[in-house]
Every structure is written in structure tokens, then in C-alpha cells.
Amino acid sequence: MSSSTAPSKTPTSSAAPSPQPKKLKQNLDFSTLCIRQDLLDTIAKMGYEKPTPIQAAMIPLAIKRMDLVGQARTGTGKTAAFALPILQNIDFEKTILPQALVLVPTRELAVQVAGEFEKIAVSSTARIVLLYGGKPMRPQLNQLQRGASVIVGTPGRVLDHLQRRSFDPSGLRCVVLDEADRMLDIGFRPDIERILRQCPPRRQTLMLSATLPGPIKEIAKRYMYKPKLVNFSGTDISADTIDQYYLRVNSDMKFEVLMKLLEREQPTQAIIFCRTRLRTEWLYRKLLKAGVLQGVGTIHGDLSQSSRDQMMGGFRNGTINYLVATDVVGRGIDVSNISHIINFDIPEMSDDYVHRVGRT
């Protein structure tokens with residue numbers, strides 16, 4: 001980041017996120033957000049019409065290289081809110097070192113975010129490299145050696161590459177913590193802090209989170225420079241665009257009621273959430289054995305990465321209609337044809353419930 005575009009960033013002098021006004025001009029479109037014409041042309045072809053509130057608020061500030069904490073409910077277009085400014089600010093004359101790093105909590109979300117970057121960057125020479133566990137290191141090492149403009153990955157695998165010196169973080173201009181609260185929930189805070197300490201102090205940091213618990217604010221205070229809070233989470237935690245129903249069912253009758261529910265509702269596509277990996281695998285095998293449903297799949301942490309990729313690919317292309325899953329697909333996953341979410345087991349945390357139902 002050149003000295004003409006950013007103040008000196010000393011994390012220890014940072015403040016907690018300061019509030020950002022919510023009021024926006026009406027009838028905004030992407031052409032008013034200081035986005036380059038080639039990117040405007042690309043997103044128009046992708047079907048982007050009007051920016052969502054979080055996009056309209058974040059994009060102009062992020063293009064100015066400000067540190068931002070974006071708080072918004074699921075399904076509000078957060079990926080484009082940071083992908084567009086990153087691609088806008090890339091210096092294509094400096095192609096040796098990575099210029100942006102995006103950290104996400106799950107492998108599935110990493111694949112999705114990298115895919116969105118690739119779509120938006122299709123008319124440029126930006127190289128997007130995807131780093132996550134469960135895959136061999138050698139292909140990732142080869143990609144990094146060929147050069148990367150943007151790295152998208154999970155904290156564990158990114159830290160592994162940093163420790164191997166697979167890439168040099170000294171050229172990073174922007175670091176994004178996507179689904180930051182989820183990353184902390186599943187224990188990634190030590191990895192995240194190790195990664196941030198290896199990134200240049202003069203950098204832009206963007207944090208996207210549905211909630212702002214104490215540990216998130218601590219990270220913002222320690223590693224961000226005067227971050228602005230862009231808050232579009234709303235005061236109502238429930239998703240008001242979703243019809244929600246519940247059934248009181250004895251535990252031993254759950255499966256029978258689930259089958260009758262699926263028969264009655266005939267979902268286009270559905271995710272059936274369970275609380276644990278063992279419970280997920282049990283329900284998946286029971287549905288297969290019943291043999292009355294077409295296209296049943298499962299995703300949970302005990303599956304190999306190739307199996308998870310295969311299941312997620314089948315769900316995206318429609319060959320899998322019913323996906324039995326843990327909360328590993330509870331956040332950020334975007335599949336357009338999901339008509340029903342079924343909570344076979346209620347999650348422990350209310351925030352996880354909100355993210356589950358937000359998949360439809």
C-alpha cells in the first residue's frame with residue numbers, strides 16, 4: 001500500500017470499531033460506488049443489478065483502503081462487498097507477491113468465495129489461489145509458485161503454508177476475516193492471530209461477522225486501525241423473509257415424521273441439519289435405506305475432502321436434492337434452489353439457528 005493512500009497503521013494504537021451511519025442514498029447502483037468500468041461490465045454480465053445495503057456501504061470505504069467491520073445477516077452479499085474493492089485495488093504491475101488474503105472458517109465456504117473472486121476477475125490477470133486442508137500440498141505449492149494475487153483459505157492450511165514459507169506475506173495490502181465469529185467459535189483464534197502477526201502492519205483489514213462478541217472486538221482493537229463499523233444486522237435476529245414452523249415430536253418418532261413431512265412438502269432442495277457428525281451419518285444412512293427419496297447426500301467433518309467436494313458439487317448441480325449436514329454448511333453457502341431447511345436437531349446456539357434457516 002503506497003504512503004499516499006493510507007495512514008501509518010500501528011495495531012496497538014487501534015480503537016474499537018466506531019459506528020458508521022446506516023442511512024444511504026436511495027436508488028444507488030454499482031456505477032455510483034467508484035468501481036472500475038471493467039468490473040462493472042463483469043458484474044452486470046453476472047446479473048448484479050443493485051447493490052445490497054452492505055455492498056453500498058462497504059465498497060466505497062473499502063476502495064479507500066479503510067479498515068472496516070461489516071456486520072450483516074446471512075445472505076446479504078458480503079462476498080462481493082470485499083471482493084470488488086480488493087480486485088479494484090490490486091496493482092497488476094506487482095504480480096510476484098500475494099496482495100490480498102481472505103480467511104474463511106470452512107472448506108466449502110473457501111471454495112465458494114474463491115469461485116466468486118474468479119467470476120468477478122475473469123476479465124483481468126488476477127490469480128486466485130485456494131488453500132484448504134484435506135487436499136495434497138503439492139498442487140497448492142505449485143499454484144503459489146506460479147504467483148497469486150489473492151489467496152482464499154482456511155486458517156489452519158494458510159498457517160501451514162506460512163510456516164513452510166510457501167508464500168511471502170510481506171506484499172499483502174488487504175486481509176479479510178470472513179465469518180469471523182464462526183472462525184472464533186470453532187477454535188481458529190490462535191491461528192488467526194499468528195497469521196495476522198506475520199502480515200504487514202501497513203495493510204487494510206476487513207472483518208465480516210454476523211455478530212460482534214467480545215473476542216471479535218478484541219481482535220479489531222488489537223489488529224485493526226481505527227475500524228469503522230458498518231452495521232446492517234438489524235435489531236431482529238430472525239429472518240423475516242422466511243416462513244418458520246415447528247412440530248412437537250417425541251424423539252423416537254422424529255424419523256417417521258420427517259418422512260411424512262418430506263412427502264407432504266416435496267422440497268425442490270432441502271438441507272436437513274443434525275447437531276453431531278454421528279447423528280448426521282446415522283440419518284443419512286437411514287434415509288438411504290428407506291429408499292423413497294431421490295438424491296440423498298451428506299456433509300460433515302468426518303468425511304474426506306474429496307467426498308465433501310463431491311457431495312457439495314452434486315447439491316449445487318441438482319443431482320442431490322436432500323443434504324443431511326452438520327453446521328459445517330450452516331453459514332455462507334449459497335445454493336439458489338433450496339426451498340426448505342429442516343432442523344432435525346435444534347442447534348445449541350441461537351445464532352447457528354439463524355444461519356441455518358438463512359440458507360433458503
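Reading guide: rules and limits
Residues numbered from 1 in each chain as written. Predicted model: local features only at pLDDT ≥ 70, side-chain atom pairs only at ≥ 80, totals over all residues. Heavy atoms only, no water. 1 Å grid on protein atoms, 1.4 Å probe; cavity = no way out; pocket = protein on both sides within 12 Å on 5 of 7 lines; lining within 4 Å. Points joined across faces, edges and corners; volume = space filled by probe spheres on them. Helix = DSSP H or I, 4+ residues; strand = E, 2+ residues; numbered from the N terminus. Nonpolar A, V, L, I, M, F, W, Y, C, P; charged D, E, K, R; others polar. Salt bridge = Lys/Arg side-chain N within 4 Å of Asp/Glu carboxyl O. Buried < 20%, exposed > 50% of the residue type's maximum accessible area, 1.4 Å probe, protein only. Pairing = 2+ DSSP bridges. Arc of directions from axis to C-beta. Patch = residues over 30% accessible without salt bridge, like charges linked within 9 Å, V, L, I, M, F, W, Y side chains within 5 Å. Areas by Shrake-Rupley, 256 points an atom, 1.4 Å probe, with all protein chains shown as cover. Phe/Tyr/Trp six-rings, centres within 6.5 Å; stacked < 30°, edge-to-face > 60°. Lys NZ or Arg CZ within 6 Å of the ring centre and 35° of its normal.

## A look at empty space enclosed by the protein
On inspection of all chains with the given rule, the structure shows three cavities of 30 Å³ or more. Estimated volume of the largest cavity: approximately 90 Å³. As for the largest cavity, its lining consists of Ala62, Arg65, Pro85, Ile86, Asn89, Ile90, Gln99, Ala100, Arg173, Cys174, Gln204 and Leu206. Of all the elements in the fold, those that place two or more residues in the lining of the largest cavity are α3 (78-89) and β7 (204-209). By residue number, the principal contributor to the lining of the largest cavity is α3, which donates three residues. Of the residues in the lining of the largest cavity, the class split is seven nonpolar, three polar and two charged.

## Points about the pattern of salt bridges
Any two side chains of opposite charge can pair, given that their charged atoms come close. One pass over the structure, following the stated rule, counts 15 salt bridges. For Asp345, the salt bridge is made with Arg279, and the minimal N-O distance between the two is 3.0 Å. Residue Asp345 is located in the loop between β12 (340-343) and α13 (350-357), and its partner Arg279 is located in helix α11 (residues 277-290); the two are separated by 66 residues in the primary sequence. For Arg279, a relative accessible area of 25% puts it in the partly exposed group. The network of salt bridges with shared partners includes Arg189, Glu193, Glu218 and Arg222.

## Brief notes about the environment of Asp181
Mapped onto the secondary structure, Asp181 falls in helix α7 (residues 180-185). Of the residues examined, Asp181 reaches a relative accessible area of 3% and is grouped as buried. Distance in space between the C-alpha atoms of Asp181 and Ala210 is 7.0 Å, their sequence separation being 29 residues.

## Focus on the pairing of strand β6 (residues 174-177)
Residues of β6 alternate between two faces, with Cys174 and Val176 on one and Val175 and Leu177 on the opposite face, all of them buried. Relative to β6, strand β3 (residues 100-103) runs parallel, the two being bridged by four bridges. Across the sheet, the residue bridging to Ala100 is Cys174, located in β6. Bridging between β6 and β7 involves four bridges; their strand directions are parallel. Within β7, the residue paired with Val176 across the bridge is Leu206.

## Considerations on the layout of surface pockets
By volume, the second largest pocket is sized at about 920 Å³. Contributing to the lining of the second largest pocket are 27 residues, with Tyr245, Tyr246, Leu261, Ile341 and Asn343 lying nearest its centre. Counting residues per element, the ones that place at least two in the lining of the second largest pocket are α10 (254-265), β12 and α13. Residue composition of the lining of the second largest pocket, by class: 16 nonpolar, five polar and six charged.

## Things to note about unusual backbone geometry
The phi dihedral of Arg165 falls on the positive side, at around 60°, and the residue is not glycine. Along the chain, Arg165 turns up in the loop between α6 (155-164) and β6. Although it is not a glycine, Glu179 sits at a positive phi angle of roughly 50°. Within the fold, Glu179 resides in the loop between β6 and α7.

## Brief notes about the pairing of strand β2 (residues 68-72)
Among the five residues in β2, five count as buried, and that is most of the element. Residues of β2 alternate between two faces, with Leu68, Gly70 and Ala72 on one and Val69 and Gln71 on the opposite face, all of them buried. In this structure, β2 lies alongside β7, joined through four bridges in parallel fashion. By the bridge assignment, Gly70 is partnered in β7 with Leu208. Bridging between β2 and strand β8 (residues 228-232) involves five bridges; their strand directions are parallel. The residue of β8 that forms the bridge with Ala72 is Phe232.

## Remarks on helix α9 (residues 214-223)
Looking at α9, one finds that the buried residues are Ile216, Ile219, Ala220 and Tyr223. Relative to the axis of α9, the buried residues are bounded by an arc of 100° and lie together on one face.

## Quick notes on a nonpolar patch on the surface
Nonpolar side chains collect at one region of the surface, where Leu247, Val249 and Met253 lie side by side and expose about 240 Å² of accessible area between them. Mapped onto the fold, Met253 is located in the loop between β8 and α10. Owing to a relative accessible area of 34%, Met253 belongs among the partly exposed residues under this scheme.

## Examining the packing of aromatic side chains
Inspection of the entire model under this criterion finds three aromatic pairs. Measuring from centroid to centroid gives 6.1 Å for Phe82 and Phe117, while their planes differ by 40°, and the two rings are tilted. Within this pair, whereas Phe82 is found in helix α3, its partner Phe117 is found in helix α4 (residues 107-120), the two being separated by 35 residues in sequence. We note that Phe82, like Phe117, is buried. Directly above the ring of Phe344 sits Lys254, whose terminal nitrogen or CZ lies 5.3 Å from the centroid. The ring centre of Phe255 lies 5.0 Å from the NZ or CZ of Lys286, which sits over that ring.

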